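Spelled out, the chains give:
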Amino acid sequence: MRLANGIVIDKEKTFGVLKFSALRREVHVQNEDGTVSEEIKERTYDLKCNTQGRMIQVSVPATVPLKDYDYNAEVELINPVADTVANANYRGADVDWYVKADDIVPKNKVTHAGNSQNNVPQQPPKK
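Residues numbered from 1 in each chain as written. Predicted model: local features only at pLDDT ≥ 70, side-chain atom pairs only at ≥ 80, totals over all residues. Heavy atoms only, no water.

(A) Inspection of the sheet that holds strand 6 (residues 81-89) at higher detail. Strand order across the open sheet formed by eight strands is 1-6-7-4-3-2-5-8, with mixed pairing between neighbours. In this open sheet, the two edge strands, each paired with only one partner strand, are strand 1 (7-8) and strand 8 (103-106). (Pairing = 2+ DSSP bridges. Helix = DSSP H or I, 4+ residues; strand = E, 2+ residues; numbered from the N terminus.)

(B) Quick peek at the environment of Val27. One can find Val27 in strand 2 (residues 18-30). Separated by 16 residues in the primary sequence, Val27 and Arg43 have C-alpha atoms spaced 6.2 Å apart. If sequence neighbours within four positions are ignored, Val27 has contacts with Glu39, Ile40, Lys41 and Glu42. (Contact = heavy atoms within 4.5 Å.)

(C) Representation of the nonpolar core within the structure. Judged by nonpolar contacts, the single largest core of 16 residues is most densely connected at Phe15, Leu18, Leu47, Ile56, Val58, Leu77 and Ile104. Contributing elements (two or more residues each) for this core: strand 2, strand 3 (36-49), strand 4 (54-61) and strand 5 (74-78). (Core = buried A, V, L, I, M, F, W, Y, C linked by side-chain atoms within 4.5 Å. Buried < 20%, exposed > 50% of the residue type's maximum accessible area, 1.4 Å probe, protein only.)

(D) View of the pairing of strand 7 (residues 92-100). Strand direction decides the pairing type here: strand 4 and strand 7, joined by two bridges, are parallel. Considered in strand 7, the bridge of Ser59 is made with Lys100. Judged from the nine bridges that link them, strand 6 and strand 7 form a sheet pairing that is antiparallel. Paired with Asn89 across the bridge in strand 7 is Gly92. In this antiparallel pair of consecutive strands, strand 6 and strand 7, the connection spans two residues.

(E) Looking closely at the pattern of salt bridges. Counted according to the given criterion, the structure contains seven salt bridges. With a shortest N-O distance of 2.8 Å, Arg24 and Asp46 are connected by a salt bridge. Of the two residues, Arg24 is situated in strand 2 and Asp46 in strand 3; the sequence distance between them amounts to 22 residues. On the basis of relative accessible area, Arg24 is assigned to the partly exposed category, the value being 45%. Given the relative accessible area of 11%, Asp46 is considered buried. (Salt bridge = Lys/Arg side-chain N within 4 Å of Asp/Glu carboxyl O.)

(F) Layout of unusual backbone geometry. Phi is positive for Asn72, which is not a glycine, with a value near 75 degrees. Of note, Asn72 is situated in the loop between strand 4 and strand 5. In this structure, Asn79 takes a positive phi of about 55 degrees despite not being glycine. With respect to the element layout, Asn79 can be found in the loop between strand 5 and strand 6. According to the relative accessible area criterion, Asn79 is partly exposed, its value standing at 49%.

Here it is in structure tokens:
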């Protein structure tokens, strides 16, 4: 069982300050015969979350370049969504929550529209 579109998250209230920790794992695509291919489907990163008071894992698509930010660098999620997977068992169901995002970017590189700014140096004011 899955939620149709996930739960849209208010980033500030849910996460507060997020700090980059490390790449946790890469999920690979399975071949038709069930073996694991070399193609990466998604990457999951560990982020320190001050509002939740613990480390959270956030998955981003493999089409997004590998993130290798400095440890404890402040980051922001682009379009985060929480979702669930439920598996029936003899007592009812086990529910696992997970967070996915379109991207993880440095906090100071995010515009109000949620897109990364170009790294164009600012020209000093003319005298």
